[in-house]
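# Summary of structural features
Residues per chain, in single letters:
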Amino acid sequence: MEFTEKEKTMLEELKSHEKLCIEKYKRHSECANDAQLKSLFQGLSEEESKHLSSLDQIGMGTVPPMSNEEKPLPTFTAKYKAMLSPEKTADMYLCNDLLSGEKQVSHMYDTATFEFRDQNVRNFLNHIQKEEQKHGKMIYDYMTANGMY
Ligand SMILES: [Fe+2]
Ligand SMILES: [Fe+2]
């Protein structure tokens, strides 16, 4: 598969954002107070690594197969009470930061989807975008369960 300069630039941009996501989820996982958040962020960091390697494969001309399995979304128990505590405030900051990152990256995939000639690549980028939205939903669910949203 031959890519135009614009397509190549787009792929590079997406890759650098995925790298940032991997790093952020790792670091935020280390900083989180609630164990549920630690494991959520750890898991999402691994998912972002998969996105990065998929983009690498696309860059080399192969569109990876898309898994159709619908993994159920995790459920969260309330760790925090309605009142604000320093721990809750700190975890809330981490969630808000990552949620805004997911929104941004989802927009990027949306834009990128319009720029590729190959329909399989478009489908795959759209597939990743849906996964980013799912990441956002997990963070949203955690925040809702903990009176943060
Ligand atoms: Fe991602
Ligand atoms: Fe994500």
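Please refer to the structure placed before this passage.
The model shown is predicted, which means the values in this text are computed figures rather than measured ones.

The next subject is the overall build of the protein chain. When helices and strands are counted, the protein chain shows four helices and zero strands. Listed N to C, the secondary structure of the protein chain is α-α-α-α in terms of helices and strands. Here the protein chain holds 149 residues, and the buried ones make up 41% of them. Taking contacts inside the protein chain between residues at least 6 apart in sequence as the whole, the part at least 24 apart equals 79%.

Two numbers describe how helix α3 (residues 86–113) lies on helix α4 (residues 119–145): the axes approach to 9 Å, and their chain directions differ by 160 degrees. By the angle between their axes, α3 is roughly antiparallel relative to α4. For the element pair α3 and α4, the recorded crossing hand is left-handed. Here the contact of α3 with α4 is composed, by residue class, of 12 nonpolar, eight polar and five charged.

Looking now at the coordination of the iron ion (ligand 2). Here the iron ion (ligand 2) is held by the protein donor atoms Glu-48 (OE), Glu-102 (OE), Glu-102 (OE), Glu-132 (OE) and His-135 (ND1), which lie 2.0 to 2.4 Å from it. Within one chain, the residues serving as donors to the iron ion (ligand 2) are arranged as E-x53-E-x29-E-x2-H. Separating the iron ion (ligand 2) from the iron ion (ligand 1) is a gap of 3.9 Å, which Glu-48 spans by donating to each of them. On the criterion of sequence distance, the pair formed by Glu-48 in helix α2 (residues 35–59) and Glu-132 in helix α4 is long-range, its members being 84 residues apart. For the pair Glu-48 and Glu-132, a shared accessibility class is recorded, and that class is buried.

Quick look at the coordination of the iron ion (ligand 1) now. In the first shell of the iron ion (ligand 1), the protein supplies Glu-18 (OE), Glu-18 (OE), Glu-48 (OE), His-51 (ND1) and Glu-132 (OE), at 2.0 to 2.3 Å from the metal. For the iron ion (ligand 1), all donor residues lie on one chain, and their spacing in sequence is E-x29-E-x2-H-x80-E.

Attention now goes to the nonpolar core. Counting residues in hydrophobic clusters, the biggest one holds 17 residues, and the most contacted among them are Leu-37, Leu-40, Phe-41, Cys-95, Ile-139, Tyr-142 and Met-143. At the level of secondary structure, the elements contributing two or more residues to this core comprise α2, α3 and α4. Residues contacting Tyr-142, with those up to four places away along its chain left out, are Asp-34, Gln-36, Leu-37, Phe-76, Tyr-80, Asp-91, Cys-95 and Met-148. Counting 16 residues, the second-largest nonpolar core is a separate cluster that includes Cys-21, Tyr-109, Phe-116 and Leu-125.

Conventions used here
Residues numbered from 1 in each chain as written. Chains lettered and ligands numbered in written order. Predicted model: local features only at pLDDT ≥ 70, side-chain atom pairs only at ≥ 80, totals over all residues. Heavy atoms only, no water. Helix = DSSP H or I, 4+ residues; strand = E, 2+ residues; numbered from the N terminus. Buried < 20%, exposed > 50% of the residue type's maximum accessible area, 1.4 Å probe, protein only. Contact = heavy atoms within 4.5 Å. Axes fitted to C-alpha atoms, helices over the stretch in contact; angles between N-to-C directions. Parallel < 35°, antiparallel > 145°, perpendicular 65-115°, else oblique. Left-handed = near helix turned anticlockwise from the far one by under 90°. Nonpolar A, V, L, I, M, F, W, Y, C, P; charged D, E, K, R; others polar. Donors = N, O, S within 2.8 Å, 3.2 Å for Na, K, Ca; no water. Core = buried A, V, L, I, M, F, W, Y, C linked by side-chain atoms within 4.5 Å.

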